[in-house]
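Listed below are the residues making up each chain.
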Amino acid sequence: MSLRQGDTRFGIARRHATDAIALLARIGLAFTFWLSGQTKVEGLVLDPLGLQVQWGWPRVSESALELFRSEYALPLLPPEWAALMAATAEHVLPLLLLFGLGTRVAALGILGMTLVIQLFVYPLAFPTHALWAAAALQLIAHGGGRFALDRCVAACVPRNGA
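The present account deals with the structure reproduced in this document. (Residues numbered from 1 in each chain as written. Predicted model: local features only at pLDDT ≥ 70, side-chain atom pairs only at ≥ 80, totals over all residues. Heavy atoms only, no water.)

**Structural notes on the overall build of the protein chain**
- Counting its secondary structure elements, the protein chain contains six helices and four strands.
- Its helices and strands in sequence order give the protein chain the pattern α-β-β-β-β-α-α-α-α-α, from N to C terminus.
- Principal axes of the C-alpha set define a box for the protein chain whose edges measure 65 × 40 × 35 Å.
- In the protein chain, once contacts between residues fewer than 6 apart in sequence are set aside, the share between residues at least 24 apart is 56%.
- Of the side chains in the protein chain, 12 bear a positive and 10 a negative charge, and the two mean positions are spaced by 20 Å. (Helix = DSSP H or I, 4+ residues; strand = E, 2+ residues; numbered from the N terminus. Contact = heavy atoms within 4.5 Å. Lys, Arg positive; Asp, Glu negative; His and termini not counted. Charge placed at Lys NZ, Arg CZ, Asp CG, Glu CD.)

Have a look at this one:
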């Protein structure tokens, strides 16, 4: 095998690995935050791991409100608002990540939530939060990869001067 062939094979392997990392980061963060969001709502259950489905109008659960009044209490934000914002973000952002639509913006939202959780809620859970932050930063820096809808959208949007 020549040096050029080795470089080509390495480049192909690197591209596949980069796409796999992006896909795994998107799926891992999406499942983690979706399942967390599901613990905060009643009326709608879509559990992809437990294979449970219950259709209904979602609303913030009383137990989630109580958590935001006590254990998850945030400065400058009423618990009712914080619970609603967290439950909404933990459902919308994972869907965006899963489909790879607005990946960088969704990952930035996940990173922001991770920082809030680290600083104000569970400061001793740094190892877990560091992994979430690393995955989010990877997506912010490099995008959702080849298997993201962002690619389709970018291909359909005409570029100025092109």
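**Describing the environment of T18**
- With respect to the secondary-structure elements, T18 resides in helix α1 (residues 3-38).
- Judged by its relative accessible area of 37%, T18 is partly exposed. (Buried < 20%, exposed > 50% of the residue type's maximum accessible area, 1.4 Å probe, protein only.)

**Section: the nonpolar core**
- In terms of nonpolar packing, the biggest core is built from 25 residues, with L29, F33, F68, L93, L97, I110 and L139 touching the most fellow members.
- With seven residues, the top contributor of residues to this core is helix α4 (residues 103-121). (Core = buried A, V, L, I, M, F, W, Y, C linked by side-chain atoms within 4.5 Å.)

**Brief notes about the packing of aromatic side chains**
- Under the criterion given, the structure shown has three aromatic pairs.
- Judged by centre distance (5.9 Å) and plane angle (85°), the ring pair of Y72 and Y122 falls under edge-to-face. Here Y72, found in the loop between α2 (62-69) and α3 (79-99), pairs with Y122, found in the loop between α4 and α5 (126-142); they are 50 residues apart in sequence, far enough to count as distant.
- Chaining the aromatic ring pairs together yields one cluster made of F68, Y72 and Y122. (Phe/Tyr/Trp six-rings, centres within 6.5 Å; stacked < 30°, edge-to-face > 60°.)

**Considering the pattern of salt bridges**
- Enumeration over the complete set of coordinates arrives at six salt bridges.
- A salt bridge links E42 to R59, with the nearest nitrogen and oxygen atoms 3.8 Å apart. Taken as a pair, E42 in strand β1 (residues 41-42) and R59 in strand β4 (residues 59-60) lie far apart in primary sequence, 17 residues in all.
- Under the relative-accessibility criterion, R59 is labelled partly exposed at 47%.
- Salt-bridge contacts for E66 lead to R69; the nearest nitrogen and oxygen are separated by 3.6 Å. (Salt bridge = Lys/Arg side-chain N within 4 Å of Asp/Glu carboxyl O.)

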